[in-house]
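Here's the letter readout for the chains.
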Amino acid sequence: MNQTSAAALNRLHLSVALLSIAIIAFQLVLIHVLSITQWHYFAYMVISVALLGFGAAGTLIALARGWFLERSSFLLPLLMFGSAAAMATVVGITQAVFGGFDSLLLFVDPSQVWRLLLANLLFSTPFFLGALAIGLIFVQHVDQIGTFYFANLLGSGLGGIVAIIILGLLSPQQLPAVTAVFSLAAGFLILPNRRLRWLIPAAFLACALTAFNIVRPVYLSISEYKDLQRTLNLPDAGIVAQRNSPYGLVQVVSAPALRHAPGISLTYSREIPVREAVFSNGNWFGAISEWSAANTEHLLDYTTGALPYAMATPNDVLVLRAGTGMDVSHALTRGARRIVAVEPHSTVLDLLDEQYSKTMGGLFRHPAVTVVPLEPRTYLATDSSHYDLIILPMVGVFGGTAGLFALQEQNTFTREALSEMWRHLTPDGILCASAWLDYPARNPLRLAATMVETLAEAGIDNPAAHLAAVRSWGTITFCVKRSPFTPVEIRNVREFCRQMLFDPVLLPDLKPGEREHYNLLEDRSIFTYMDQILSPARQELYKTYDFRLQPATDNRPFFSQFLRWQSLPHLIRLFGERAVPFIEMGYFIVIITFFQTAAAALVLIILPLFRLGWRSGNRLWTLMYFSGLGVGFMLVEIVLIHCFVLYLGHPVYAAAAVICAMLIFSGIGSYTSSCMPIHEATPYRAAGLVALMLLLYAFLLPPILQHTITFSMGWKIIFTMVLLALPSFAMGFPFPLGLQLLARRSEADVPWAWGINGCLSVLSTALATIIAVEAGFAAVFLLASAAYVIAALAEFWT
Amino acid sequence: MPGTSAANIENRPQRVLPKILFLPFALAFLLLLFTGNALAEEEALIYKNARDRMVRTQIKSRGISDPATLRAMESVPRHLFVPETSVPDAYDDRPLPIGYGQTISQPYIVAYMTEIVQPKPQQRILEIGTGSGYQAAILAETGVSVYTIEIIPELAKNASERLRRLGYGRVQVKSGDGYFGWEKHAPYDAIVVTAAAEYIPPPLLVQLKDGGRMVIPVGSPFFVQTLMLVEKHGKETGTRSLMPVRFVPFRRAE
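Rules and cut-offs
- Residues numbered from 1 in each chain as written.
- Chains lettered and ligands numbered in written order.
- Predicted model: local features only at pLDDT ≥ 70, side-chain atom pairs only at ≥ 80, totals over all residues.
- Contact = placed C-beta atoms within 7 Å.
- Helix = DSSP H or I, 4+ residues; strand = E, 2+ residues; numbered from the N terminus.
- Nonpolar A, V, L, I, M, F, W, Y, C, P; charged D, E, K, R; others polar.
- Pairing = 2+ DSSP bridges.
- Buried ≥ 20, exposed ≤ 12 C-beta atoms within 10 Å, placed from the backbone.
- Right-handed = clockwise from strand over helix to strand, strands pointing away.
- Expected span 1.5 Å × (residues − 1).
- Domains from an automatic or database assignment.
- pLDDT = per-residue confidence, 0-100.
- Axes fitted to C-alpha atoms, helices over the stretch in contact; angles between N-to-C directions.
- Parallel < 35°, antiparallel > 145°, perpendicular 65-115°, else oblique.
- Left-handed = near helix turned anticlockwise from the far one by under 90°.

A.B. asks: What's the story with the interface of chain B and chain A in this structure? I'm lost.
C.D. replies: Where the parts come together, the accessible area they lose is often given as the size of the interface. Contact with chain B, which involves 40 residues of that partner, is made by 47 residues of chain A. Mapped onto the side of chain B that touches chain A, the elements with two or more residues apiece are helix 7 (202–207), strand 7 (208–220), strand 8 (223–233) and strand 9 (236–242) of chain B. Counting residues per element, the side of chain B that touches chain A draws most heavily on strand 9 of chain B, at six residues. Taken together, the residues of the side of chain B that touches chain A sort by class into 25 nonpolar, nine polar and six charged. Direction of pairing for strand 13 (residues 519–521) of chain A relative to strand 9 of chain B: parallel, over a ladder of three bridges. By the bridge assignment, Leu520 of chain A is partnered in strand 9 of chain B with Arg240 of chain B.

Now the structure itself:
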């Protein structure tokens, strides 16, 4: 390598960076595409398995290191062209698989398992080829690993930025091929002067495939069970508007049979109007309401959601996650004078403002309405006003979602969120939340529990005096009032129920038999549980109920996650083993992902040992050190994204900021490490320092963020960068230092170590989710620190 | 035979050879026909047994006792209402996909919904969401007149052809938006909504007879959680949420 000219080395560094851009951008693009065609958690599973391509590359190099190194000048560009061709075509090829595949059928049709495995294999190809190239460069230039790792991390960070830019500019089907361009460029940069006879046709083929798939991309086949596809199955249905955005693909569908009236009263006798509807990534987002200032009545007057208006006429209303504005138009129709509509999906807001303002009667431009494009919690933290009514978005969907969104972080429904809302209420203000009724009861019980715990935290001794709830055939609405309900308000609630054929569920002076006048339940246990939640005995219910009912918290913000593993046998006995996965599919898929990746990782880690030997060298040291780094780095990344979502107010920007900042600062750390003299103990000290820093962050970061969340966005971005820079810079040291140390001891083990790091990083994504659900994000932070401690302690196993 | 000439008669012996050659083919054809019929009969018996087993283990054991419903479930060949690839699973205790994001419901749910609406001969029942046509066929077997509407034209066409082919001529299939019901044949003694929506269309309530029943399954495509029964009594309409599981009511784990 001494003969390699400086220019060639620079080109190689640039090539690594470009390939890293391609791989990370392709990964994000693939998540986006699969979230549209299937569901987010399925995309997550496919990607996790596909990323094992990194581990597989390490294994292969470890097995045939000499062969690869001999041919590296020819193989490197070939692998990059191969990766580009695979990126450009794999989505199209798998359409043949996904054309007949549906993740919802995974637990119904056994043949889907084979299709899934084939899909996983195909999607792992571009990652495998790309990783093989990067791994080969690392092994070949292990003496300069610091700078090459820097190029790798810098490119990965930039890949995140590239993905966000192209997600907003191009249609989803074009995106994979566009990311392939970076891989092509990486290959061209390092074309050797000889053996071009084979490389030129390969480059031409990869270019042709990439160009073809950009100009003529494949049609994306969407699951027939997704909201969008089901709506498009309606006669004469069609997509009338579309926007690409990093938040997701936004589409508006028009159909003569498309109506929206969630849980409307059986007394409603007029025609339910036809609406156009907005979908985000193929999931229902909201119907576009045709509002007019002349209206004296609103469709929502006939839903349980009208409960607060039956008691009072609020002046100042805050609508959280306002969506397409149905609750906003309802508040206006009911006489509200000031309405703040908070909705973080700015692409939908822009679309509605630019194309549907007239249809919506200028609703979002009404002088009484202020639209805030932020996460509700971020808005609440920065706002000092008080409201007569705060409306939360509806929980669940009619008939349930089969738990596909069980692991979605819902920061608006945590105990801390409701306490924050409570502080924003006027003395007689009302907090209102509705849910679809489910069976066995979960959403309504958790909502009630969250409200009661909020009241308890506010020092209310008698929560029953502050809590009202009414139920229709399909929905339940809760109202928490800051002051106790008055007799007039209680009378109005009863009159509202009588008019709408609803039943009161919670009222301060509820009489026996009142709960089931119009809507009877065969299983009345929900009432017993509601009463128990209002009593001090609710802790006992939390412990013994088959599902988790404890309120979600900022540490465990999974409002829709209810499944307790210990209840599984009981649920299987009750509903049958085939039905149970549909109670909470999202969590089941993560568990399957974890075991699938764990099994594959085990094979990939063990396989090279047949060649490298089991006993020679420091196998345990290598395993401990590089496993610790792989697990630690990924867990930190995931937990930091969670922390900064609330802080920055946008999930996409938070993810982008964290991923990019962490990778780039780690890259700088890695570069700095290349200038340091290496002693035997340096890698362990670096890992130990990171562990200590993470331990401090686990305790200090949440209060720091909480105290600075009210700062202006400019300051918050500076804070974010500073807060992320410190640990990220330090995290850039241990990996290259460790590899260099390993190279001194046993150069043949370098690819094995790199493979271990890749496998464990992938496994950690599923692990982080499971730990966050079971023990909270704080535990993930601590575990990340513990992983670095393990890496530091590896010193004692040398 | 008029017009047969003597010359033709003379030629007869020359045609014997081809006829002899044809004989084995004819015999083979007859054999095939015979064995084919025997196979078809055997297949019919296999499905009949599967159906009987389905009624015994999935339906009767969960408390369905209405004789008309049980007879219908024993008679209708469910395997002819599922896609070809799902035929081996037709009598399994689960819903099956039929395309367009729709399913054929679990046998027990079909039986439960049939029993709930209490079908009696000569009654008129409206079904919203024909799907494969299985629920309509079950209702028709109980002797009621069935009017069924399917919004997806392809499903409506297939179900209509299938029902006609299987002899369910009393079932009338319409392709259209179930929201408006089928006013021409209203009022109905019962309405079965197999494809539930987040609202109950007001025209359906109007088309339901006083004292009539409407049943709606609530849940995701592969897991029906509850059945909602709407009962109309004059101006006051009430609902009843029923649990389609045998272990009701849902209890906490001990």
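A.B. asks: How should the pairing of strand 7 of chain B be read in this particular structure?
C.D. replies: The two faces of the sheet receive side chains in turn, since in a regular strand these alternate between them. Residue and element names in this part refer to chain B. In terms of burial, strand 7 is a largely internal element, ten of the 13 residues being buried. Since strand 6 (residues 188–193) and strand 7 lie parallel, the crossover through helix 7 that links them has a hand, and here it is right-handed. Sheet analysis places strand 7 next to strand 8, joined by eight bridges and oriented antiparallel. Bridge assignment links Ile216 to a residue of strand 8, and that residue is Met228. Linking two consecutive strands that pair antiparallel, namely strand 7 and strand 8, is a turn of two residues.

A.B. asks: In this structure, what is going on with helix 22 (residues 619–648) of chain A? I would like to understand it.
C.D. replies: An α-helical segment advances 3.6 residues per turn. Residues three or four places apart therefore align on the same side. Under the 1.5 Å per step criterion, the end-to-end length of helix 22 of chain A is 43 Å for 30 residues, consistent within 8% with the ideal 44 Å. Two residues or fewer past helix 22 of chain A, Gly649 of chain A is found with a positive phi of approximately 85°.

A.B. asks: Could you clarify how one ought to interpret the domain arrangement of chain A in this entry?
C.D. replies: If you check the domain split of chain A, you get domain 1 (1–222), domain 2 (227–280), domain 3 (283–575) and domain 4 (608–798). Of note, the centres of domain 2 of chain A and domain 4 of chain A, computed from C-alpha atoms alone, are 44 Å apart.

A.B. asks: So what exactly am I meant to see when it comes to the confidence of the model for chain B here?
C.D. replies: For residues with low pLDDT, the predicted coordinates do not support detailed interpretation. All names here are of chain B. When the pLDDT values of chain B are averaged, the result is 85; 83% of them are 70 or greater. Per-element averaging of pLDDT across chain B places helix 1 (residues 6–11) at the bottom with 40 and helix 5 (residues 134–141) at the top with 97. Confidence drops under a pLDDT of 50 for residues 1–13, and excluding neighbours within four residues, the segment shows one contact in the predicted structure. Contacts of residues 247–254 to residues separated by more than four positions or lying in other chains number 18 contacts, the stretch itself having pLDDT below 50. Among the scores for the predicted complex, ipTM is 0.86 and pTM is 0.89.

A.B. asks: I would appreciate a short explanation of the packing of helix 23 (residues 651–673) of chain A against helix 25 (residues 713–731) of chain A in the present structure.
C.D. replies: The geometry of a pair of packed helices is captured by two quantities: the angle between their axes and the separation between those axes. All names here are of chain A. Contact pair helix 23 / helix 25: the axes reach a minimum separation of 7 Å and the direction vectors enclose 45°. Here helix 25 runs oblique to helix 23, going by the angle between their axes. Considering how the two elements wind past one another, helix 23 and helix 25 form a crossing that is right-handed. Along its contact with helix 23, which presents Ala657, Val658, Ala661, Met662, Phe665, Ser666, Ile668 and Gly669, the element helix 25 presents Thr720, Met721, Leu724, Ala725, Ser728, Phe729, Ala730 and Met731.

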